[in-house]
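# Summary of structural features
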Amino acid sequence: MTEGVRSNERTAAPLLSLRRVEAAYGTSQALFGVDLEIHAGECVALLGRNGMGKSTTVKSIMGLLRLRGGDVEWRGRSLRPLVAHQIARAGLGLVPEGRRVFPNLTVRENLLATARPSPSRGAGWSLDDIYGMFPRLRERERNLGCHLSGGEQQMLAIGRALMTAPELLILDEATEGLAPLVRGDIWRCIELLKRRGLALLVIDKNLGPLMRVADRHYILEKGAVVWRGSSQALRDRPELVRDYIGM
Ligand SMILES: Nc1ncnc2c1ncn2[C@@H]1O[C@H](COP(=O)(O)OP(=O)(O)OP(=O)(O)O)[C@@H](O)[C@H]1O
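Rules used throughout
- Residues numbered from 1 in each chain as written.
- Predicted model: local features only at pLDDT ≥ 70, side-chain atom pairs only at ≥ 80, totals over all residues.
- Heavy atoms only, no water.
- UniProt positions renumbered as here; feature names shortened; annotations may be inferred.
- Helix = DSSP H or I, 4+ residues; strand = E, 2+ residues; numbered from the N terminus.
- Rg over C-alpha atoms; globule rule 2.2 N^0.38 Å.
- Buried < 20%, exposed > 50% of the residue type's maximum accessible area, 1.4 Å probe, protein only.
- Areas by Shrake-Rupley, 256 points an atom, 1.4 Å probe, with all protein chains shown as cover.
- Lys, Arg positive; Asp, Glu negative; His and termini not counted.
- Charge placed at Lys NZ, Arg CZ, Asp CG, Glu CD.
- 1 Å grid on protein atoms, 1.4 Å probe; cavity = no way out; pocket = protein on both sides within 12 Å on 5 of 7 lines; lining within 4 Å.
- Points joined across faces, edges and corners; volume = space filled by probe spheres on them.
- Near = heavy atom within 4 Å.
- Polar contact = N/O pair within 3.5 Å; in protein donor to acceptor, adjacent residues only side chain to side chain.
- Pairing = 2+ DSSP bridges.
- Right-handed = clockwise from strand over helix to strand, strands pointing away.
- Expected span 1.5 Å × (residues − 1).
- Salt bridge = Lys/Arg side-chain N within 4 Å of Asp/Glu carboxyl O.
- Core = buried A, V, L, I, M, F, W, Y, C linked by side-chain atoms within 4.5 Å.
- Contact = heavy atoms within 4.5 Å.

Identification of the chain as Amino acid/amide ABC transporter ATP-binding protein 2 (HAAT family) from Pigmentiphaga kullae is taken from an unreviewed UniProt entry. In its Sequence similarities (unreviewed entry) section, the UniProt entry covering the chain states "Belongs to the ABC transporter superfamily."

This paragraph deals with the overall build of the chain. Assigned secondary structure in the chain consists of 10 helices and 11 strands. Against the compact-globule benchmark of 18 Å for 247 residues, the chain has a radius of gyration of 18 Å, which places it among compact chains. C-alpha extents for the chain along the principal axes are approximately 50 × 40 × 40 Å. Per-residue burial for the chain yields a buried fraction of 50% across its 247 residues. Carbon and sulfur atoms form 49% of the exposed surface of the chain, whose accessible area is close to 11,600 Å². Charge-centre separation for the chain: the mean point of 36 positive side chains lies 3 Å from the mean point of 27 negative side chains.

Estimated volume of the largest pocket: approximately 520 Å³. As for the largest pocket, its lining consists of 20 residues, and the residues nearest its centre are Ala 88, Leu 94, Thr 114, Arg 160 and Thr 164. Of all the secondary-structure elements, those providing two or more residues to the lining of the largest pocket are helix 2 (84–89), strand 7 (92–95) and helix 6 (150–163). Considering every element that reaches the lining of the largest pocket, the biggest residue donor is helix 2, with four residues.

For the rest of this paragraph, the subject is the site of the ligand. By nearness alone, 13 residues border the ligand, and Gly 51, Gly 53, Lys 54, Ser 55 and Thr 56 come closest of all. Within the side chain of Lys 54, an N or O atom sits 2.8 Å from an oxygen atom of the ligand. Here an oxygen atom of the ligand sits 2.7 Å away from a polar atom, N or O, in the main chain of Ser 55. Contact with the protein chains hides 60% of the accessible area of the ligand, taken as 630 Å² for the molecule alone. A total of four residues in the shell around the ligand trace back to one element, the largest contributor, which is helix 1 (residues 54–62).

Next up on the list: the sheet that holds strand 6 (residues 77–78). Strand-to-strand pairing in sheets goes through backbone hydrogen bonds, with the strands running parallel or antiparallel. If you trace the four strands from one edge of the open sheet to the other, you get 3-2-5-6, paired in antiparallel fashion. Among the strands making up the open sheet, the edge pair consists of strand 3 (28–38) and strand 6. Across five bridges, strand 2 (residues 16–25) lies against strand 5 (residues 69–74) in antiparallel orientation. Bridge pairing in strand 5 links Leu 18 to Val 72.

As a further point, take the pairing of strand 8 (residues 168–172). The buried fraction of strand 8 is high, at five of five residues. Burial along strand 8 is two-sided: the residues Leu 168, Ile 170 and Asp 172 and Leu 169 and Leu 171 are all buried. Pairing of strand 7 with strand 8, which is carried by four bridges, proceeds in the parallel orientation. Directly across from Leu 94, in strand 8, lies its bridge partner Ile 170. Between strand 8 and its parallel partner strand 9 (residues 199–203), the chain crosses via helix 7 (residues 180–195), and the hand of that crossover is right-handed.

Taking 1.5 Å as the rise per residue, helix 6 with 14 residues should run 20 Å; its terminal C-alpha atoms sit 20 Å apart, in good agreement. Counting buried residues along helix 6, 13 of its 14 residues qualify, which places the element largely inside the surrounding structure. Ala 165 lies just past helix 6 and shows a positive phi near 55°.

As a further point, take the pattern of salt bridges. Here the structure, examined in full by the defined rule, presents 16 salt bridges. The closest approach of N and O atoms between Glu 173 and Lys 205, which form a salt bridge, is 2.8 Å. Of this pair, Glu 173 sits in the loop between strand 8 and helix 7 while Lys 205 sits in the loop between strand 9 and helix 8 (207–213); the two residues are 32 residues apart in sequence, bridging distant segments of the chain. Judged by its relative accessible area of 38%, Lys 205 falls in the partly exposed class. Beyond isolated ion pairs, a larger network of salt bridges with shared partners links Arg 136, Glu 139, Arg 140 and Glu 152.

Counting 46 residues, the largest nonpolar core has Leu 162, Leu 169, Leu 171, Leu 193 and Leu 200 as the members making the most contacts within it. Among the elements that line this core, the one with the most residues is helix 6, at seven residues. Residues in contact with Leu 193, not counting those within four places in the same chain, are Trp 125, Met 133, Leu 162, Leu 169, Leu 198 and Leu 200. Of all hydrophobic cores here, the second largest spans 29 residues; its members include Ile 38, Met 52, Val 58 and Leu 92.

This is the structure we're talking about:
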């Protein structure tokens, strides 16, 4: 069911589209025909309780899990033949759950490790751009990844993903485990990225800020999309939050 999004608002072809995506871990199926679309410049939230398939959807997009069925298309082309690093190079950036910065590289080295020239005008980020967004990273430039606080590691994880010059950035639980003030910094960064025109797919347990920044939401339940719609439509349906999101 789609709510709150008028059909004439979405006439352009989507950047990313998932069509009937199925994925499994061994014999255990986790996704059962997920359909999802993200348009250029759009911020989309993926919601659902623990274990409903959000991270599996991300892994399926990024080529970290082979599709069991269906397809993922980027600018109208199937990503199925590509492996993970080719998908990243095509313009999809991931800030993974758990951050995963290189512990034995400095902040600067972490950022430069993923840097690449921008494939399209406007998508590229320099070290100075990253430091401008996160001044704390400039101060910590020579520190090793393993010596950073959780918040600094998260900023670094976002910076690293941006250095790959993505046109779509996926953030999987980017504010998890962070102090409220640092969480605020991360949300401000997400809003700034949206204003810069980056397409975003955000998974996060903090529904308040998520509803403010996201244009549309998808709710996953047991590996399938049970609802999709705008933030306003979701605000108008508190039972959805109670039944499917549990916040
Ligand atoms: N590596 C794995 N091996 C086997 N099963 C897995 C694996 N990762 C996830 N699953 C299972 O796949 C299903 C979907 O999990 P997934 O991690 O995608 O959920 P999620 O919505 O991201 O939840 P969470 O917020 O807990 O990460 C769950 O039943 C989970 O137990």
